[in-house]
Structures are given as structure tokens and as C-alpha cells.
Amino acid sequence: MFDCETSVNVDVVKQAGPSPALIGSIDQGTSSTRFLVFTRLGQIAASAQMEHTQIFPEEHAGWHEHDPIEIWENTCTCIKKVVGALKESELAIDLKVTPLKAIGITNQRETTI
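Rules and cut-offs
Residues numbered from 1 in each chain as written. Predicted model: local features only at pLDDT ≥ 70, side-chain atom pairs only at ≥ 80, totals over all residues. Heavy atoms only, no water. Core = buried A, V, L, I, M, F, W, Y, C linked by side-chain atoms within 4.5 Å. Buried < 20%, exposed > 50% of the residue type's maximum accessible area, 1.4 Å probe, protein only. Helix = DSSP H or I, 4+ residues; strand = E, 2+ residues; numbered from the N terminus. Contact = heavy atoms within 4.5 Å. Pairing = 2+ DSSP bridges.

1. Regarding the nonpolar core
Part 1 of the reasoning: Counting residues in each nonpolar core, the largest one holds 15 residues, and the members touching the most others are L22, F35, V37, C78, V82, L86 and I93.
Part 2 of the reasoning: Counting residues per element, the ones that place at least two in this core are β2 (22–28), β3 (32–39), β4 (44–51) and α2 (68–88).
Part 3 of the reasoning: Top contributing element to this core by residue count: β4, with 4 residues.
Part 4 of the reasoning: Not counting the four nearest positions on each side in its chain, F35 is found in contact with G24, S25, I26, A46, S47, A48, C78, I79, V82 and L100.

Pasting the structure below:
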């Protein structure tokens, strides 16, 4: 399992004002999963990223696969890490009290789980 790199940009959140309108984004790429929280001005307020295992099956030269369970677990971990980091930051933003206004999702072309 890979580490989940998490950060909060306190200055960006402070600039967004009290009780800022925040938007979440799940970015599922070919090498990692990310969860980002943006201010309404499009600035990154917080983020988490985890790489996932790359599988190259010997019986299918040129194929590249991923474990869907690992992707799901990494997505959940990234979201939990950002939620926790925002709550534990000096701003103490609790997304249960001030929920995200929306969540967008990007993924690997037409791939779905």
C-alpha cells in the first residue's frame, strides 16, 4: 500500500472568507487517485493523493490493469484524509457542518467500477 500525501492550504481558505463555499473533486488517474477541495475561485484549499499498483499481466503483452478494490479504497482514504486535515487545521473546517457544495469526478476515459 502507498502513502496518502495530504495538504491543506490555510492561506487559500482564509482568503475565501468565513464559511467558504467549497467544491470537491475526485480525480481518478492511471497512476493515482486524488481528492481535491477547491474554493469558489478555483484555488486548491486541500488535497490528498495516493498512487495505486500498476499490473502488467504476462499473458497479455501491452495490457495495463488496476485492482478496482484498491482504487475504491484509495478514493475513500483520500476523501477521509482531506476531511480530517481540514478539521484538524487551524481553521477547524468540519465538512459535516459546512458540507461541500458539489463534487466532480474525472476518471480514466470510459472506465467505471
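2. Quick word on the pairing of β4
Part 1 of the reasoning: Pairing of strand β1 (residues 5–8) with β4 involves 4 bridges; the strand directions are antiparallel. Directly across from T6, in β4, lies its bridge partner A48.
Part 2 of the reasoning: Where β3 and β4 come together, 7 bridges link them in antiparallel fashion. Bridge pairing links L36 to S47 in β4.
Part 3 of the reasoning: Connecting β3 to the next strand, β4, in antiparallel fashion are 4 residues, including G42 with a positive phi near 85 degrees.

By themselves, these figures tell us nothing about what the structure is for.
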